[in-house]
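If you want the building blocks of each chain, they are given just below.
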Amino acid sequence: MTQGEVINALARRRMLAAWMAREIVPHEAGMRAWLARARVSAEDIDELMQEAYCQIVSLPSVDHITAPRAYFMASLRHMMLRRIKRAQVVALDAIGEIENWRDESMVSPEDEAGSRITCQRVMAIIAGLPERCRRVVELRKIEGWSQKDIAAHLGMSEKAVEKQVWVGVRAIRAAWASAEAQSAQRMDQAERGMGAGR
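Along each chain, residue indices are assigned from 1 in the same order as the chain's sequence is written. For this predicted model, a pLDDT threshold of at least 70 governs which residues receive local features, and a threshold of 80 or more governs which side-chain atom pairs are given and counted, while totals over whole chains, interfaces and linings are taken from all residues. Side-chain numbers here rest on the full set of heavy atoms in the structure, without hydrogens or water.

Asks: In this structure, what is going on with the overall build of the chain? I would like to understand it.
Replies: The secondary structure listing takes helices from DSSP runs of H or I that are at least 4 residues long and strands from runs of E that are at least 2 residues long, numbered from the N terminus. Secondary structure summary: the chain contains nine helices and zero strands in total. Each helix and strand of the chain, ordered N terminal to C terminal, gives the series α-α-α-α-α-α-α-α-α. Accessibility here uses a 1.4 Å probe with only protein chains present; expressed as a share of the type maximum, an area under 20% marks a residue as buried, one over 50% as exposed, and anything in between as partly exposed. Looking at the chain as a whole, 28% of its 198 residues qualify as buried. Long-range pairs, those at least 24 residues apart, make up 63% of the contacts in the chain between residues at least 6 apart in sequence. In short, Shrake-Rupley with a 1.4 Å probe defines the accessible areas, and a residue's cover is counted only from the protein chains shown. Approximately 12600 Å² of the chain is accessible, and the part contributed by carbon and sulfur atoms is 55%. Any two residues whose heavy atoms approach within 4.5 Å are treated as being in contact.

Written out as structure tokens, the structure is:
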């Protein structure tokens, strides 16, 4: 590398660092809060943030980025979805939370209420799981503990923890599907009843 190339590379790095400090870093707290609401553990949030920063810094140019906050969010969202798809056990609501992301400044009261109701329904289903399974699911999916930490805390093997999480998530999905089917059936009956009363 010639001296001129080195000087150009350093100038580019300085410009990119200034751009990152001005356009990306101010949004970090908001991104971290969003990931936390998606039930991502603090450790995973740190890794995702680092990965996103590295990805942006390694771009040959940032001239094409017209909306830095949206670009930052899209990068994190893509990384998170890739992780979730790779994982053997997935948080029931994490995919929906990420897939349905909207700018927080545009969240409607209806969306907020719907999210609260969904969360309450999932928590009620979790509460109905067998004791050991419930505790493992709560520690892994709600509190964000690693399988290793749960195994040490509860005196189980990591394999047993993984199995309990799998059993719990499967039970939650089945209970959710059953509740949705019952709800749809009640709606159908109500509609038929209204049609018959006319």
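Asks: I'm lost on the nonpolar core in this one. Help?
Replies: In summary, soluble globular proteins display a tendency toward joint burial of nonpolar side chains. Core analysis: the biggest nonpolar cluster contains 23 residues, and Trp-19, Leu-35, Met-49, Phe-72 and Leu-76 have the highest contact counts within it. Those elements that place two or more of their residues in this core are helix H1 (3-23), helix H2 (28-37), helix H3 (42-57) and helix H4 (68-86). Considering each element in turn, this core owes the most residues, six residues, to H3. Think of a nonpolar core as a cluster: buried Ala, Val, Leu, Ile, Met, Phe, Trp, Tyr and Cys residues, connected wherever their side-chain atoms sit within 4.5 Å. Counting eight residues, the second-largest nonpolar core is a separate cluster that includes Val-136, Leu-139, Val-165 and Val-169.

Asks: How should I be thinking about the side chain of Glu-138 in this particular structure?
Replies: Tracing the chain through its elements places Glu-138 in helix H7 (residues 131-142). A relative accessible area of 17% means that Glu-138 is categorised as buried. Setting aside residues no more than four positions away along its own chain, Glu-138 makes contact with Ile-126 and Glu-143.

Asks: What is the right way to look at the side chain of Ser-75 in this model?
Replies: Looking at the element boundaries, Ser-75 is found in helix H4. We call two N or O atoms a polar contact when they sit within 3.5 Å, provided that within protein one can donate a hydrogen and the other can accept it, with sequence-adjacent residues counted only if both atoms are side-chain atoms. Reaching out from Ser-75, the side chain makes a polar contact with the side chain of Gln-55 at a distance of 3.2 Å.

Asks: Help me understand H1 in this model?
Replies: The span one expects for a helix is its residue count, reduced by one, times 1.5 Å. Taking 1.5 Å of rise per residue, 21 residues should cover 30 Å, and H1 covers 30 Å from first to last C-alpha, within 8% of that figure. Buried within H1 we find Leu-16, Trp-19 and Met-20. The buried residues of H1 occupy one face: seen down the axis, they fall within an arc of 100°. Turned more than 90 degrees from where H1 packs its buried face, Gln-3, Arg-14, Met-15 and Arg-22 sit exposed. Starting at the helix axis, one direction is taken to each C-beta atom, and the arc is that of these directions.

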